Amino acid sequence: MTAPHDAAPPVPVSDGADTLALGDTITFSRAHWLVTAFHGPRVFLTAVGDTTAEPLIILQPVLTSAKDFAVLSREAPRTVVAHRGHELKALPAALRREVTRWERIVKEVLHQQAPNVPATTRPKPAFDPELHTLKQRYRTKANQLTAAGWPTSPATVERKCLAWRREGLLGLVDRRGQRAASAHGRVDERVIDLVWEILDGEREAGLSPGTLSRLIGRVQQTVQARYAKELADADAATTAALLPSQATYYRLLQRLGITAHNAHVVSARRAADPPLSVARPGSRRATTARWPGELVQIDTTGLDVLAIGDDGQVISVELTIAIDVATRSIVGALIVPKRFRRTAGTGRWLGGRATRSFDTVQVVAQSTAPLPVRPGWAPETFMDGSDLPFAELLAADERFAGAAARPVIKPETLVVDHGSPFVSADFTRSCNSLGIEVREARLRTPVDKAIVERAMLAIKTGFSQHLASYTHHRLDLRGKHVRKQPLWTIARLQELFDQWVALHWQQTPHGALRSPFTPGLKLTPNQMYAALISLRGYRATALTEGENRKLLPTVWVRINRKGFQINNRTYNLDKGTLDPFRGSSGLAAFQGRWEVHYSPNQPEVAWLFDHRADPDGDPWVEVPFIHRRLLRDRWTEESWEQGLQVHLAAGGRRHDEAAIARATQRLLSTATDGPGPDDMPAVSARSLPAPRLRPVAPKEPYAAGMPPLDPQSVRPFRRLDRPAAQLFTAGESAQDSAQSVDAFLASLPELNPPADGENGPSGQQGQDIESTGT
């Protein structure tokens, strides 16, 4: 390569080299060059003003370290951020005037023509790129501003020029007045760290939390001991930052969300997941999902409603729902009774009842199948005619025929809390068999399940409080006569809730559901599902009978000649049918026991799984309960437990299954008919609530029939003594006003009946009525 031509020596640069950028005009080796490209450490230069000179390729460190290197001009256009123009208009007028002033200064320094100035106008000599480098122009403009009464440094001018290139006019805005106050004010960051350090140490050592004054005292002692040398030589500002006043400490702890009651809880939450924002110590990242089913949250809570249980008694209920994060759709819901354990006298206990692992599995299973429309539901609950893509879904899965307006979303990841129904082995095994990942929420971190928690509150305000048996979650606000109001059965309450989900929840706009095409429009869960289902598509997940049975609770039993037992019930087939299973199953992990599944909602049969069956054969053996014929009505596991407790309270034996079945049937019959006024509980009066009295129906006054009508006994009322047009006139006739009370009473037909054959208006009416009657 040849050296560039000789040029006029540039003004020497005394304060270092500038940073290179594409399009820069530089001086090097007594010539002017244009930076055209970068390739690794190499810089491609083209001579300016000399077409005969060949391009130059040089290492950037060699170029920038040269004594005569300097940046003359930088023609890089500034970034135009048109969509942020409203931010500039929203600034105060004083800031806008300052921005306009700095824009003129920057354009003058960078040799950019000011507004309304022709492009052919020559720059001022002090800012001519051919005569002065950028550093020199920065210094010149800073000196001019300082002489004009506006003290400015060359570094400030350079920073404004760089910001103008990068952000346009918004880069010239002074952000100091717009900065938000920090969470800790002017307190030193090290003091904040000491607060968390002391709280973490108390929590890890197992100490009890104290008052805020004790915490402040320990922080002050630690600061004085750890930073004694720094405090000895520190100025007033540093001392105030490290040793703030007592009032400042209290304000600081309030901003950090620390109180005397939750100090260790806040410390544990911060240790589990540090806050994402210093300005908001309690803030956490929002839970989001990109497509339906990516993230589903499930939870259980009390419904604040009373219902009638299987035993005919008033009982509280619990609700378990699964909600999809992406669409906010409730894909599964189940209402179960809630009963606490209580004494039945003589040292016995009546078993409690709440949500079990089998109930949570049912909620997950509901998410894989459409919700059928039940008789009597409103036409708006049908999927056909809703915002869901019914035609496409029906073509992919025929089960959508006659389905309600609730989408089918199979969870990919299920977020659960640490409740016993969700961490049980049955629930985890069932979810794994469906290909669902179970993820436990972090302890003391409600943000992990904030969506389902908020949905529960919306259900109580939108559904529970409109029922007659609403109890309210606060005892001091609970009505005194809630138990006397009409109550629903649990099955009917479940049907009402399913209808409410399809009619109200799935078709109500949600503030968190926005379409990227219409961000200003709120969408319903069904509309959001229709918009996102195209991202992943729909695939039918219909389960076979065997897969459904695998989801049922599992018990491991030994089989003998009498069959096997589940919860004090014997299951057996005809003689000799179960003989092949009387030996060991060969599963050493389960001590030779056999795998049996049953449904607590329909325990009249159980299914024995034969793991030694042929691959092409049916491995399931249906085994019925031996006393199932004694139970004529539909019964459940809870009904059997109630019948067992009634049987034991009456002095019966636990192994008398036939007697327990008869007691259960009597209990079911009583629940069907309702408790009567003379019914007495079979157990201690203190163990069960008082039975509800059956309302007495009012007597029908004409139940015995009406006597035959005798036309002769019918007497007409007297005719009006004035024309109909004068009925509503203000004046009264003198004859009417002069009529006495005795004359008026004598004129009544009941007191003075007309004689037979009497002519006149009354007699004529009587003849007409008698002729009509005959």
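Above this note sits the structure.
The written sequence of each chain sets the order in which its residues are numbered from 1. Residue-level local features of this predicted model are given only where pLDDT is at least 70; pairs of side-chain atoms are given and counted only at 80 or more, and the full residue set underlies all totals for whole chains, interfaces and linings. With hydrogens and water set aside, each side-chain value is computed from the structure's full complement of heavy atoms.

Focus on helix α6 (residues 189-205)
An α-helical segment advances 3.6 residues per turn. Residues three or four places apart therefore align on the same side.
Step number 1: Each helix corresponds to a stretch of at least 4 residues labelled H or I by DSSP, and each strand to a stretch of at least 2 residues labelled E; elements are numbered beginning at the N terminus. Working rule for helices: expected span equals 1.5 Å times residues minus one. When the terminal C-alpha atoms of α6 are compared, their 25 Å separation across 17 residues agrees well with the 24 Å that a helix rising 1.5 Å per residue should span.
Step number 2: Partly exposed residues are those whose accessible area sits between 20% and 50% of the maximum for their type, while under 20% is buried and over 50% is exposed, using a 1.4 Å probe and protein chains only. Among all positions of α6, only V191, I192, L194, V195, W196, I198, L199, D200 and E202 are buried.
Step number 3: Between the side-chain oxygen of the N-cap and the backbone nitrogen of R190 there are 2.8 Å, and the N-cap of α6 in question is D188.
Step number 4: At the exit of α6 stands G206, carrying a positive phi of roughly 75°. The definition of a polar contact used here is a pair of N or O atoms within 3.5 Å, where within protein one atom must be able to donate a hydrogen and the other to accept one, and adjacent residues in sequence count solely through side-chain atom pairs.

Remarks on the packing of helix α12 (residues 357-366) against helix α15 (residues 425-433)
Step number 1: Two elements in contact, α12 and α15, have axes separated by 8 Å at closest approach and are oriented at 20°. In terms of orientation, α12 lies roughly parallel with respect to α15. Between α12 and α15 the crossing geometry is right-handed. Contacts between α12 and α15 involve S357, T360, V361 and V364 from the first element and D426, F427 and S430 from the second.
Step number 2: Three residue categories are used. Nonpolar comprises Ala, Val, Leu, Ile, Met, Phe, Trp, Tyr, Cys and Pro, charged comprises Asp, Glu, Lys and Arg, and polar comprises the others, including Gly. Residue composition of the contact of α12 with α15, by class: three nonpolar, three polar and one charged. Note on geometry: axes are C-alpha line fits, over the in-contact stretch for helices, and angles between N-to-C directions span 0 to 180 degrees. Angle categories are assigned with fixed cut-offs, so that under 35 degrees is roughly parallel, over 145 is roughly antiparallel, 65 to 115 is roughly perpendicular, and the rest are oblique. Handedness of a helix crossing follows the sense of rotation of the near helix relative to the far helix, less than a right angle counterclockwise being left-handed and clockwise being right-handed. Two residues qualify as a contact provided that any one of their heavy atoms is within 4.5 Å of a heavy atom in the partner residue.

Considering unusual backbone geometry
Step number 1: In this model, R328 sits at a positive phi of 60°, which is unusual for a non-glycine residue.
Step number 2: Structurally, R328 is set in the loop between β7 (314-324) and β8 (330-338).
Step number 3: A positive phi angle, near 65°, is found at N568, a position not held by glycine.
Step number 4: Here N568 shows up in the loop between β17 (564-565) and β18 (570-571).

Quick notes on empty space enclosed by the protein
Step number 1: Cavity: a set of points on a 1 Å grid over the protein atoms alone where a 1.4 Å probe fits but cannot get out. Pocket: an open set with protein on both sides within 12 Å along at least five of seven lines, its lining residues, like those of a cavity, having an atom within 4 Å of a point. Grid points are joined across faces, edges and corners, and a volume is the space filled by probe spheres set on the points. All told, the structure shown has two cavities of 30 Å³ or more when counted by the stated rule.
Step number 2: Empty space within the largest cavity amounts to approximately 60 Å³.
Step number 3: What lines the largest cavity is L199, E202, P209, G210, T211, L212, R214, L215, T259 and A263.
Step number 4: Looking at the lining of the largest cavity, the elements that each hand over two or more residues are α6 and α7 (212-226).
Step number 5: Looking at which element gives the most residues to the lining of the largest cavity, the answer is α7, with three residues.
Step number 6: A class-by-class count of the residues in the lining of the largest cavity yields five nonpolar, three polar and two charged.

Examining the environment of L532
Step number 1: Relative to the assigned elements, L532 resides in helix α18 (residues 525-536).
Step number 2: The class of L532 is buried, set by a relative accessible area of 12%.
Step number 3: Sequence separation between L532 and S515 is 17 residues, and the spatial gap between their C-alpha atoms is 9.3 Å.
Step number 4: If we ignore the near neighbours within four places in the chain, the residues touching L532 are R290, P292, A326 and T327.

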